[in-house]
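Descriptive structure summary
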Amino acid sequence: MRLPRRPRLLLPVAIALVAIVALFFLFSGIYTDYLWFDAVDYTRVFSSVLLTQIVLFIIGAALMAGIVGGNMLLAFRTRPLFGPAVFGGGGSGADRYRQALDPHRKLIFIVGMALLALFAGSSTAGQWPTWIEFANGQPFGTTDAEFKLDVSFFMFELPFIRMVLNFLFTAVIISIILAAITHYLYGGFRLQSPGVHASKAARVHLSVLLGVFVLLKAIAYWYDRFDLVFSERGFVHGASYTDINAVLPAKNILAIIALICAVLFFAGVIRPGGMLPGVSFGLLALSAVLIGGVYPMLVEQFQVRPNQQGKESPYIARNIEATRLAYNVADAKVEPYSAEADPTKVQANAAGDASVTGVRLLDPGLVSATYEQTQRIRGFYEFADQLDVDRYPDADGKLTDHIVAVRELSGPPEGQNNWINRHLVYTHGYGFVAAPGNQVDSSGLPAYDAKDMPVTGSLAERTGLKESRIYFGETTGSDYVIAGGNPERPQELDYPETGGTGQKNTTYTGKGGVPVGSFLNRLFYAAKYSEVNILLSGDVNDNSKILYERSPRDRIAKVAPFLTLDSDPYPAIIDGRVTWIVDGYTTSNAYPYSQSESLQDMTRDTATDRSRVIAQQPQDKINYIRNSVKATVDAYDGTVTLYAWDPNDPVLKTWSSAFPGIIQPKTAMSESLLAHVRYPEDLFKVQRYTLSRYHITDAAAFYSGQDFWNVPNDPSQGDQNVKQPPYYLTTTMPGGEPTFSLTTTFVPRQGPNLAAFMAVDSTAGDGYGKLRILRMPSNTPIPGPGQAQNAFQSRFAGELNLLGVGASSVRYGNLLTLPYAGGLVYVEPVYIQVAAGGGQEPYPILQRVLVSFGSEIGVARTLNEALGQVFGTEDTQNDQQQQQPNQENQQQQQQGTSALQAAIGEAQKAYDDATKALQSDPPNWEEFGKAQQRLDEALEKLRTAGVTPSVSPTPAPTGSPAPSPSGSPSPTGSPAPSPSQSPAGGS
C-alpha cells in the first residue's frame, strides 16, 4: 500500500530540517571558535589543528570505507552465479535473511559505510597530536640503551606506527567479518555436514584477507620489540633481563613465523582446501603461546628470580640513568650535612640574622579566610582558597616574600542573579591584595601594603599599578560576560563606594573579547549559549564584546593544547598591570627506560587540587616532563603570551615547528616579568617524588631500597594521611646567600627522623632550577617535621590551649624548615581562629610563633623573641628565664597572693577592653591592639606564677563585623582605625 503523497514528502522535509539545524549548530561552534582564536591572535593554531583534523578525518573515513566497502562489494560480485544451488540442497536461514535484506541492500550498504566512515574518521582525527609529532619530530641527540636509536623514534615515530597498525588491523578484521557475512548470505559458503563448503571465490578472498592480517601481525611483532623499553616486567620499568634474553628473541622468531604463515595463507589461493590455512593458524597460535608466553615465563622463574639482583642490575642502572634524565634531576646535587643542632655553638645573633628573621610566617592556605573577611568588602567578591607566594621590594628596596591575591567576582548577590546582572553588570573582579609574609599588625592581622578598592598601599605605589580590574581570573572564568556596551552610560559594576548610588560603574575598553555588534555574531553566540537575550537585548550594541574562556588555564590550554599546565596560576604586577603567570609542561609517557608514574599521585598533597591538572593530561601516566613554557594572561584584556623557557626541549621544538611563531623566545620576557618568575610547584613535586628513590645512583643500593625516602605527612593536619606540600620561602643554603626558594623535606621509608632537606633556587638567573639536597647523617637521628610538631605541642600545650578557649580555636600554620648555623631551624606560626559573629565566617589571626633548634624550643608573639629564647641572646635571656622558671621560683610566686590577684584583675580588664573594642561599630583596632598587649603581659605573669587563667586571651566577639586593616573599608563600608604595626619577624 502506497502512502499518500503529502505524508511521503513530510519525512524527507523533516530530515532536511533536522540536518539544517544540526549543521547550523555545528557551524556556529566552529565559527565562534574561530572568532575566539582571532581575538587572541592565535588563528594559526585554530587553522592548523582544524585542517589536520579534516585531512585525517577524510583519510581515515575514506580508507576504512574503501577497504571494508571494497571487500564487501568484491564478496557480492563474486557470489555464485546460481546462488545456493551450487552446493545442492534446499533453502536455509541465509536465504531468508538474504530475501529480507536484498531489496534494501544499497541503502543498508550506504548507511553502514557512512556510519563506519564517520566513526573511523572521527577516531583518526582525534589522534591529530600523534600525526603532528610524527611529521615535525625533532631529534633528542640521545639514544636508548638497547637499540641505540634516537629517543625521538620512541617519542614521535613509534606512536604513529602503532596508530597506523591499529587502524589497519581494525579495517582488516571488519573486512573479514563483513566479507564472510556477504559470502554466506549470497551462497559463497555453507555450513553443512561434514564441514564448510565454500566456493573458490570465497575461499580465495578470505584466504587473502587472513594472509594480510597475519602479515600485519608479523609487522606488529617486529615493532613490538621496541616496546620492550617500556616493559613493566622487571624490578623497574624498561627492558629487563627476561625481556632482552627471552622476549626479544621470541619477538624476532614470532615475526618470522608470522611471515611464513602469511605466505601459507596466500598459498591457499592456489591450492584448494583448508589444510594450509589451518596449519598456518595452528602454527601461529602455538608459537605465540610457547615462544611468546611460556619461554619468557620459564626464564623469569628459573633464571631471574633466584638471582634477581645480579641479573637485573644492568637494567636497573639503565632505568636510573634514563629516569634522572627524563625528569630533569640528573644534575641534582646531594651533599652531606651534619645538622649539628647545638644552640650554644651558634655565634651569630639569631634574632638579628636576616637569613632567619625574614622567614615567611603567613600561611597562604590559612590566611585566605583572613583575606576573605578583611578585604572582601562585599559578599559578591571572593579570594582563592590557596593564596600565592611572590616577592616584592619593601620600602627599603629589599625583596620580601609576600602573600598575594586578587579580588575576584563570585556573582551577583542572592536574589539579583538575573541574566542582565550576571552577564552585563557583574562582569569583573577588582583589586590586588598583598601583605609581607613576615609581618602582622598589632592585632595579628596581615600588614597589607596593597589593599582596598581602589587599590592603595605602598606596594601599589612602588609597582606603579595602573590597572587592577580582573576580567580574566581563576574563578571569574566560569561564565561569559558581555562588556563594552555604551561608554556614555556605564553599567558594569566597578567597585562599591560610599555616597551617591553606592557603586562606581565602568565600561570595558580592553582589546580582549569578541565583538558582538553584528547581527550574525550575536546570532551565532545566541546559538552557542542557547540564550536568546544575546540576540534581543538592547544593551548589546556595536561596542559590545563577549568575553569567555576567561580562566587563565583554560585560555592557555586552548591556544597551546600540547601543554600540561601547572595547577597554580599566580597573579603578579607586571609593568603596572595584573598578570597571571602559568607554568606549562611538555610531558610524555614514551621516554625509553624511564619510570612511568601517575601525575596525580606524584603531586597530591594538602595544597593541590589535582582535578584541574588532570583535565589537561588525557593520560595520567607520564615518564618525561620539562617546564618548557612560561605563559602569561593579562587580567584585564586576556592577552595570552607564551615564552620558550626551555628552548632546547625537543618536544617543545617539535610543536614550535608545527605552530611556528606562537611561542616567543625567552629573551622577549621583560625584566618585570622575570622578577616574578618562580620554579613551578607541580614540577618540584614530581621531582621530589622521583628523587625520594632516584637520589640513589648505584644499582645494587637501589635494589636493596634501604635508603629510600618518603615525603612526610603534613604535621599541621593532624592524623590526616596527606603529604606536606613544598613551601616557597627565602632561605639560605650552606655557603650561599638568602634566596627565594622552593623547599621540602624527606624522611626515611621507616621512621620519623629527617633524612634530607631539598631546595631549588626559584629566582630567574644563573642559579635558577638548581636542585640541592642536604643529606642528614645516617648514624645520628635528626628530628623530622612530625617530631618537631609533637615537641611543640607537648612543650606548650597549656599555653596554646589557652589561646583556643571560648569561641576561638587554635590553628597551626605551615611548619617551615630552614638550614641555619650548621643545623636546622623549624618555624611554625600559630593562629587563633576567631568567630567574628555578625553572620561572618571564622578567620585566623596570627598570635604565636614556635621555633625549635635541636632540643631548644621557643614560643613568643614575634619571631625575634622566639629566636632569642632558643639561641639565648642577651636581649632575651631574662625573658627566657621568666618563661621557664624553676619549681622553687614557682612556689615563691604562688605565695604572692596579692600579686596574683592583681594580675588576674589586669587580665580580666584587658579582656573586657579588647571585647569592647571589637564590639564597637566600627571596631576600634588601635584599642584592641593595646588591650591585647596588656592581656598578653597579664597572662605572662600568671603563667610564670604557675597559674592557669580562666580568661581567654583572644575575645570571641558576637555580632561584631570582621576586622578590617588600616584604612580599608569595613564590610559596612566605613573605614576602620589604623592599628600600629609590629613586624612578626623583625624589620
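Refer to the structure printed above.
Cut-offs applied
- Residues numbered from 1 in each chain as written.
- Predicted model: local features only at pLDDT ≥ 70, side-chain atom pairs only at ≥ 80, totals over all residues.
- Heavy atoms only, no water.
- Helix = DSSP H or I, 4+ residues; strand = E, 2+ residues; numbered from the N terminus.
- Buried < 20%, exposed > 50% of the residue type's maximum accessible area, 1.4 Å probe, protein only.
- Contact = heavy atoms within 4.5 Å.
- Areas by Shrake-Rupley, 256 points an atom, 1.4 Å probe, with all protein chains shown as cover.
- Core = buried A, V, L, I, M, F, W, Y, C linked by side-chain atoms within 4.5 Å.
- Pairing = 2+ DSSP bridges.
- Axes fitted to C-alpha atoms, helices over the stretch in contact; angles between N-to-C directions.
- Phe/Tyr/Trp six-rings, centres within 6.5 Å; stacked < 30°, edge-to-face > 60°.
- Parallel < 35°, antiparallel > 145°, perpendicular 65-115°, else oblique.
- Left-handed = near helix turned anticlockwise from the far one by under 90°.

**Re the overall build of the protein**
A tally of regular secondary structure across the protein gives 30 helices and 35 strands. Considering the protein as a whole, with its 987 residues, one finds that 52% of them fall into the buried category. Considering only residue pairs separated by 6 or more positions, the protein has 69% of its internal contacts joining residues 24 or more positions apart. By element, 55% of the accessible surface of the protein is carried by carbon and sulfur atoms, the whole surface being about 42,600 Å².

**Focus on the nonpolar core**
The nonpolar side chains of a soluble globular protein tend to be buried with one another. Grouped together as the largest cluster of nonpolar side chains are 178 residues, with contacts concentrated most on Y371, F432 and L642. If we ignore the near neighbours within four places in the chain, the residues touching Y371 are R376, F383, L387, I403, A405, V433, A434, A435, P446 and Y448. In this structure, M733, F757, F796 and L815 belong to the second largest nonpolar core, which totals 20 residues.

**Some points on helix 12 (residues 367–375)**
A large share of helix 12 lies buried, amounting to 8 of its 9 residues. Within the sequence span of helix 12, burial applies to V367, S368, T370, Y371, E372, Q373, T374 and Q375.

**Some details on the sheet that holds strand 9 (residues 432–436)**
Whenever strands of a sheet pair, they do so through backbone hydrogen bonds, lying parallel or antiparallel. Reading across the sheet, the 3 strands line up as 5-6-9 and stay open at both edges, with antiparallel pairing between neighbours. With partners counted over all chains shown, the strands left at the sheet margins are strand 5 (388–393) and strand 9, one partner each. Here the strands of the sheet are splayed against their neighbours by 40° on average, with no regard to which way each runs. Across 5 bridges, strand 6 (residues 399–406) lies against strand 9 in antiparallel orientation. Opposite V406, over in strand 9, you have F432 as the bridge partner.

**As for the packing of aromatic side chains**
In total, this model carries 48 aromatic pairs according to the counting rule given. An angle of 90° between the planes, with centres 6.0 Å apart, marks the rings of Y371 and F383 as edge-to-face. Taken together, the residues span a long stretch of sequence, with Y371 in helix 12 and F383 in the loop between strand 4 (381–382) and strand 5 at a distance of 12 residues. In this structure Y371 comes out as buried when scored by relative accessible area, which is 0%. Their ring planes at 55° and their centres at 4.9 Å tell us that F380 and Y381 sit as a pair that is tilted. Judged by its relative accessible area of 12%, F380 falls in the buried class.

**A look at helix 26 (residues 863–871)**
Across the 9 residues that make up helix 26, a large majority, 7, are buried. The complete set of buried residues in helix 26 reads L863, A866, L867, G868, Q869, V870 and F871. Looking one or two places after helix 26, you find G872, whose phi comes out positive at around 60°.

**Side note on the packing of helix 6 (residues 151–185) against helix 7 (residues 200–227)**
Relative to each other, helix 6 and helix 7 sit at 160°, their axes nearing to 10 Å. As far as their axial angle goes, helix 7 and helix 6 are roughly antiparallel. For the pair helix 6 and helix 7, the crossing hand works out as left-handed.

**Observations concerning the sheet that holds strand 12 (residues 481–483)**
With respect to topology, 3 strands assemble into an open sheet ordered 12-16-15, the strand pairing being antiparallel. Of all the strands in the sheet, just strand 12 and strand 15 (514–515) have a single pairing partner and so form its edges.

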